[in-house]
Amino acid sequence: MNGLSPFRLGLIVTVLGLVLDQASKLWLLLGVRLAETGPIPLAPFAELRLIWNYGISYGFFQAESDVGRWALFAFSIVASVALTVWMAKAESRLLAVSLGLVVGGAIGNAIDRAWWGAVIDFAHLFLPDRSRSWYVFNLADVWIVVGVAGLLYDSLVSGPKDATKSGSS
């Protein structure tokens, strides 16, 4: 992967993230049949549990109507295109990979909205005594969170570009 441009690397990450996200959801829905089987314990603090999320991350902005569903879909696509344009201009691999993760996650959740009417969430974490519970999420959500963390790290490490070095004044 040494000869890959940051943009190509970012695109590979986008496609891999999207494929893993969609494959995990289809496997749980159609293979494991999580809707019929109910929650599946994995550990004292984790289970697979099917949740249909009509909103965005953590269930914010619930949009159960078709107008809301398609508005969130359109927003995801517009954001993905804008982030892909940014990725095409990325000079660092970290920036491109981070953007690729966010784009792959956003497209994965957009596909869910278009196909199923809601985002498929399935990973549930909680304290062993169940006194505290984390939101139910999916791989696309993980990609988005890790991608945003990478963007924050990249912005802190790289810092603002020096205008005198770029020829601007």
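For every chain, the first residue of the written sequence is number 1, and numbering continues from 1 onward in sequence order. pLDDT decides what is reported in this predicted model: residues at 70 or higher carry local features, side-chain atom pairs at 80 or more are listed and counted, and totals for whole chains, interfaces and linings draw on all residues regardless. Side-chain measures were taken over the full set of non-hydrogen atoms in the model, leaving aside hydrogen atoms and water.

Undergrad: Account for the sheet that holds strand β1 (residues 40-43), naming residues and giving values.
TA: Strand pairs in the sheet, formed through backbone hydrogen bonds, run parallel or antiparallel to each other. By this definition, two strands are paired if DSSP reports at least two bridges between them. Strands here mean DSSP runs of E at least two residues long; helices mean DSSP runs of H or I at least four residues long; both are numbered from the N terminus. Strand order in the open sheet made by the 3 strands is β1-β2-β3, with antiparallel pairing throughout. Of all the strands in the sheet, the pair left with one neighbour each is β1 and β3 (119-125). Here the strands of the sheet are splayed against their neighbours by 40 degrees on average, with no regard to which way each runs. In terms of strand pairing, strand β2 (residues 46-53) meets β3 through 6 bridges, oriented antiparallel. Its bridge partner lying in β3, Ala 46 is registered against Leu 125. To define axes, lines are fitted to C-alpha atoms, for helices over the stretch in contact only, and angles between the resulting N-to-C directions are given on a 0 to 180 degree scale.

Undergrad: Before we move on, could you go through unusual backbone geometry and cite the residues and values that matter?
TA: Even without a glycine there, the phi angle at Arg 33 is positive, about 60 degrees. Its place among the elements puts Arg 33 in the loop between α1 (6-31) and α2 (34-37). Backbone geometry places Arg 130, a non-glycine residue, at a positive phi of 65 degrees. As for its position among the elements, Arg 130 is in the loop between β3 and α5 (139-158). Residue Arg 130 is classed as partly exposed on the basis of its relative accessible area, which comes to 46%. Buried means the residue's accessible area, taken with a 1.4 Å probe over protein chains only, is under 20% of the maximum for its type, while exposed means over 50%, and partly exposed covers the values in between.

Undergrad: Explain a nonpolar patch on the surface residue by residue, including any values.
TA: On the surface, Leu 26, Leu 30, Trp 52, Tyr 54, Ile 111, Trp 115 and Trp 116 cluster together into a nonpolar patch covering about 710 Å² of accessible area. Elements that contribute at least two residues to the nonpolar patch include exactly α1 and α4 (93-116). Among the elements that line the nonpolar patch, the one with the most residues is α4, at 3 residues. As for its placement among the helices and strands, Leu 30 is situated in helix α1. Given the relative accessible area of 55%, Leu 30 is considered exposed. The residues that make up patches have over 30% relative accessible area and no salt bridge, and they are joined within 9 Å when like-charged or within 5 Å when they are Val, Leu, Ile, Met, Phe, Trp or Tyr. All accessible areas in this document rest on Shrake-Rupley with a 1.4 Å probe, and a residue is counted as covered only by the protein chains that are shown. Should a side-chain nitrogen of Lys or Arg be within 4 Å of a carboxyl oxygen of Asp or Glu, the pair is scored as a salt bridge.

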